[in-house]
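Notes for the structure review
The residues making up each chain are set out below.
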Amino acid sequence: MKENFDEHSEDSELIIRFEQMLGTNETVFFDLTDFEYIIDHYTANFDYKKALLACESAIAQYPFSTGLQIDKAQLLAMSGNFDDAMVLIDQVAEVEPQNPDVLLTRGIIYTQRGEYRNAVDHFKKALAFAEDRDDIYFNIGLTYQSWGKFSSAVKYYKKCIELNVENEAAMQEIIYCMEITGSMREELPFFQAFVDKDPYSHVAWFNLGNVYNKLGSYEKAIAAYDYATIIKPDFITAYNNMANAYVFIGEYTKAIEAFNGMLEHGSPSAEVFCNIGECYEKMQQWDLSRRYYQKAIDLDPEMDEAWFGIGVVLDAQGKWYESVHFFKKAVTLYDDSVDYWVALASAEYHVGHVVSALESYARAAEIQPEDKDIYLNWSIILYEQGNFDEATEIILNAIELQPDEAELYYRACAYMLSAGKYREAYNYLENALILDFEKHKLLFEFFPELESQRALSRLIDQYRK
C-alpha cells in the first residue's frame, strides 16, 4: 500500500464521492489509482472497516488486480482476521509466487500473530525480489521491535533510513528503540553522517535535531532545526519542534518567533495560536496571552486548552468570577482533565461557591485518585468550614490509596487534633514521622498554632535523629 500521499482538493473530492456511494448503495466507477488513494486514506486513519469496503468495491470493478487482493489481505490482518488474510494471500501466491508483496504480506500476518521468526524469514525472502527494499527493512525492524529484540530492530531501521532518509515512521521507531537500549548517544554519528554527506538536506538536519532533542541537547537541537528551516523555509514541522525546544528551556520569546514561522508558511492554526498564548502566559503578558487564546477559540470553538488558558490568565489576575466561566467551558469540552477540575475548584472557592468547589475536587479525585494534592486541597475547604470529621474522612480515604505518603498522615493528625481526637492524632503522627521525619515541618507551616502543643513536640523529638 502507498504510505505517503497529499490531501489535495481533488483527493478530498474522491473521498466525498466514495462516501456518497456508500450512502446510496449505488455503484460508482473509479480509476484503479483513485481506489488505491481511497484505500490508503482510510488505512492511514485506522478506519479499516471503510478501507475494506473500498477494497471490495475496487475488486468488484478490477477482479484481476493482484495488488487489490494483497491490499485486502493486509487489511484483514490489520483487523485481526489472520486466517482469512492467509487464505487470500495463498490464493495470490498461486498466481504470482515470487511477488515480493506476497512474501511481505505473509510477514505482516505472521508479525500480527506473534510468529516473529516466521515473519522475519518471509521478509528476508522478499528482499531478494523487491525493488523498494526500505519498506521491507522497516517491517523487519517492526517485527524485531514487537519481539522485544530492540538492538536488532535498530539495525534494520538503520538499513531502512540509509535507503530512504525521509521515512518518518522509521525515524520515530529507531529513536524509540535507541531510548530503550540506551544507545542513542553512541549512535549519534549515524545521524551526523547524513548531514556530512548532504549538508543541504533539510530532512537530515531535522532528523539530527530530533536525536539531539531526545538527548536533552536542546541548543544543538534548535540549531539543527534552524538549518532545516533555512534550507526549506516552509518546513512547518521543524518550526514546531524548534518552538517546543525553546519552550522547554524557557526561551518563550524565541519560541513565539518559531511558532510565527509556522503561521507565516502555513495556514492559521488554532493549536499554534494556543501555544503562542501559553508562551505569553508564561511571561505573564496577560493581555497578549488572552488575545492569542481567543484567536485559537475563534478558529476552533471546541479547543478546550484555549478556554482553559484564558481561565488561567484571569485567575492569575484575581478575576475569579470571570475565570469560573472559562474553566467550566473547558471541563464541558474535556471532562477527564484533572488540571481543569482542580483549577475550577480553586476558582469556585475564591468566589465563595463552596459546594461547587467540593464537587469539582471530588470529580478530580475520581479521575486521578493517586494525586495526594487533590485530597489535601479538597479536605482543607471542609476543615476551614469547621467540618473536621468530613475533612478527616477524605484524608483517611487518601491514605488507603496511598499508604506511603507521609504528608497525608501529618494532615490527618492536624485534623484529628482540631476535632479533639488526641490519641488517634498521635498514632497518625507517629506513622508520619516514621515515613518522613523532615516533613513534620509542613505540619507547623500549615497549622502554626500546633507548635504550642508540648505533647506534640515531645513526640516529634522522640523521632529526631
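Residues numbered from 1 in each chain as written. Predicted model: local features only at pLDDT ≥ 70, side-chain atom pairs only at ≥ 80, totals over all residues. Heavy atoms only, no water.

As recorded by an unreviewed UniProt entry, the protein carries the name Tetratricopeptide repeat-containing protein and is attributed to Pontibacter indicus.

Turning to the UniProt feature "repeat: TPR" (unreviewed entry) in the protein, a few remarks are in order. In the numbering used here, UniProt assigns the feature "repeat: TPR" (unreviewed entry) to residues 100-133, 134-167, 202-235, 236-269, 270-303, 304-337, 338-371 and 372-405. Secondary structure across residues 202-235 divides into 82% helix and 0% strand, with the first and last C-alpha atoms of the span separated by 8 Å. (UniProt positions renumbered as here; feature names shortened; annotations may be inferred. Helix = DSSP H or I, 4+ residues; strand = E, 2+ residues; numbered from the N terminus.)

Right, let's talk about the environment of serine 379 for a bit. Its place among the elements puts serine 379 in helix 22 (residues 372-384). For serine 379 and aspartate 389, which are ten residues apart along the polypeptide, the C-alpha to C-alpha distance reads 9.9 Å. Apart from residues no more than four positions distant in its own chain, serine 379 is found in contact with Ala391, Ile394, Ile395, Arg411 and Tyr415. For serine 379, the side chain forms a polar contact with the main-chain oxygen of leucine 376, separated by 3.1 Å. (Contact = heavy atoms within 4.5 Å. Polar contact = N/O pair within 3.5 Å; in protein donor to acceptor, adjacent residues only side chain to side chain.)

In this fold, isoleucine 374 is placed in helix 22. For the pair formed by isoleucine 374 and alanine 362, sequence separation is twelve residues and the distance between their alpha carbons is 8.5 Å.

Another aspect to go through is the side chain of threonine 143. Examined against the element boundaries, threonine 143 turns out to sit in helix 8 (residues 133-147). With sequence-adjacent residues up to four places away left out, threonine 143 is seen in contact with Thr111, Tyr116, Ala119, Val120 and Phe123.

What follows covers the packing of helix 22 against helix 24 (residues 406-418). One way to put it is that helix 22 packs onto helix 24 with a least axis distance of 11 Å and a crossing angle of 10°. Relative to helix 24, helix 22 is oriented roughly parallel. Mapping the contact onto sequence places Lys372, Leu376, Ser379, Ile380 and Tyr383 in helix 22 and Glu407, Leu408, Arg411, Tyr415 and Ser418 in helix 24. Of the residues that constitute the contact of helix 22 with helix 24, the class distribution is five nonpolar, two polar and three charged. (Axes fitted to C-alpha atoms, helices over the stretch in contact; angles between N-to-C directions. Parallel < 35°, antiparallel > 145°, perpendicular 65-115°, else oblique. Nonpolar A, V, L, I, M, F, W, Y, C, P; charged D, E, K, R; others polar.)

Taken as a whole and assessed by the stated rule, the structure comprises 15 salt bridges. Note that aspartate 234 is salt-bridged to lysine 232, the shortest N-O span being 3.1 Å. Exposure remark for aspartate 234: the relative accessible area of 41% places this residue in the partly exposed category. For lysine 372, the salt bridge identified is with aspartate 373, shortest N-O distance 3.8 Å. Overall, the relative accessible area of 18% leaves lysine 372 in the buried class. Counted as one network, the salt bridges with shared partners bring together Asp335, Asp336, Arg363 and Glu366. (Salt bridge = Lys/Arg side-chain N within 4 Å of Asp/Glu carboxyl O. Buried < 20%, exposed > 50% of the residue type's maximum accessible area, 1.4 Å probe, protein only.)

The subject of this paragraph is a positive patch on the surface. Taken together, the side chains of Arg117, Lys124, Lys149 and Lys155 define a basic patch exposed on the protein surface. Along the chain, lysine 124 turns up in helix 7 (residues 116-127). (Patch = residues over 30% accessible without salt bridge, like charges linked within 9 Å, V, L, I, M, F, W, Y side chains within 5 Å. Areas by Shrake-Rupley, 256 points an atom, 1.4 Å probe, with all protein chains shown as cover. Lys, Arg positive; Asp, Glu negative; His and termini not counted. Charge placed at Lys NZ, Arg CZ, Asp CG, Glu CD.)

When its volume is computed, the second largest pocket comes out at roughly 160 Å³. Lining the second largest pocket are Ile161, Glu162, Val165, Phe194, Lys197, Asp198, Ser201 and Ala204. Of all elements in the fold, only helix 9 (150-163) and helix 11 (188-197) reach the threshold of two or more residues within the lining of the second largest pocket. Split by residue class, the lining of the second largest pocket holds four nonpolar, one polar and three charged. (1 Å grid on protein atoms, 1.4 Å probe; cavity = no way out; pocket = protein on both sides within 12 Å on 5 of 7 lines; lining within 4 Å. Points joined across faces, edges and corners; volume = space filled by probe spheres on them.)

A separate point is the packing of aromatic side chains. Tallying each qualifying case throughout the model produces 28 aromatic pairs. Through a chain of ring-to-ring contacts, the aromatic side chains of Phe18, Phe29, Phe30, Phe35, Tyr42 and Tyr62 assemble into a single cluster. The ring of tryptophan 147 carries the charged tip of lysine 149 above its face, separated from the ring centre by 4.8 Å. (Phe/Tyr/Trp six-rings, centres within 6.5 Å; stacked < 30°, edge-to-face > 60°. Lys NZ or Arg CZ within 6 Å of the ring centre and 35° of its normal.)

One finds Ile38, Ile174 and Leu429 to be the most contacted residues of the largest nonpolar core, which totals 159 residues. At ten residues, the largest contribution of residues to this core is made by helix 24. (Core = buried A, V, L, I, M, F, W, Y, C linked by side-chain atoms within 4.5 Å.)

Turning our attention to the side chain of histidine 440. Relative to the assigned elements, histidine 440 resides in helix 26 (residues 440-446). For histidine 440, a relative accessible area of 6% corresponds to the buried category. When residues no more than four places from it in sequence are discounted, the contact partners of histidine 440 are Tyr410, Leu433, Ile460 and Arg464.

With that settled, consider the confidence of the model for the protein. The pLDDT averaged across the protein works out to 91; a share of 97% of its residues lies at or above 70. Scored below 50 in pLDDT, residues 1-9 makes 17 contacts in the model with residues more than four places away or belonging to other chains. (pLDDT = per-residue confidence, 0-100.)

With that settled, consider the packing of helix 14 (residues 236-248) against helix 15 (residues 252-265). Running from amino to carboxyl end, helix 14 crosses helix 15 at an angle of 165°, the nearest separation of the two axes being 8 Å. Our classification of the angle between helix 14 and helix 15 gives roughly antiparallel. When you trace helix 14 past helix 15, the crossing you get is left-handed. Taken together, the residues of helix 15 that come into contact with helix 14 (itself represented by Ile236, Tyr239, Asn240, Met242, Ala243, Asn244, Tyr246 and Val247) are Tyr252, Lys254, Ala255, Ala258, Phe259, Gly261, Met262 and His265. (Left-handed = near helix turned anticlockwise from the far one by under 90°.)

What follows covers helix 22. Taking 1.5 Å per residue, 13 residues should reach 18 Å; helix 22 reaches 19 Å between its end C-alpha atoms and fits that length. By the burial criterion, the buried members of helix 22 are Lys372, Ile374, Tyr375, Leu376, Trp378, Ser379, Ile380, Ile381, Leu382 and Tyr383. At its buried positions, helix 22 is contacted by helix 20 (338-350), helix 21 (354-367), helix 23 (388-401), helix 24 and helix 26. Looking at where helix 22 begins, the residue whose side-chain oxygen comes 3.0 Å from the main-chain nitrogen of aspartate 373 is aspartate 371. Just downstream of helix 22, glycine 386 is the residue with a positive phi angle, here 85°. (Expected span 1.5 Å × (residues − 1).)

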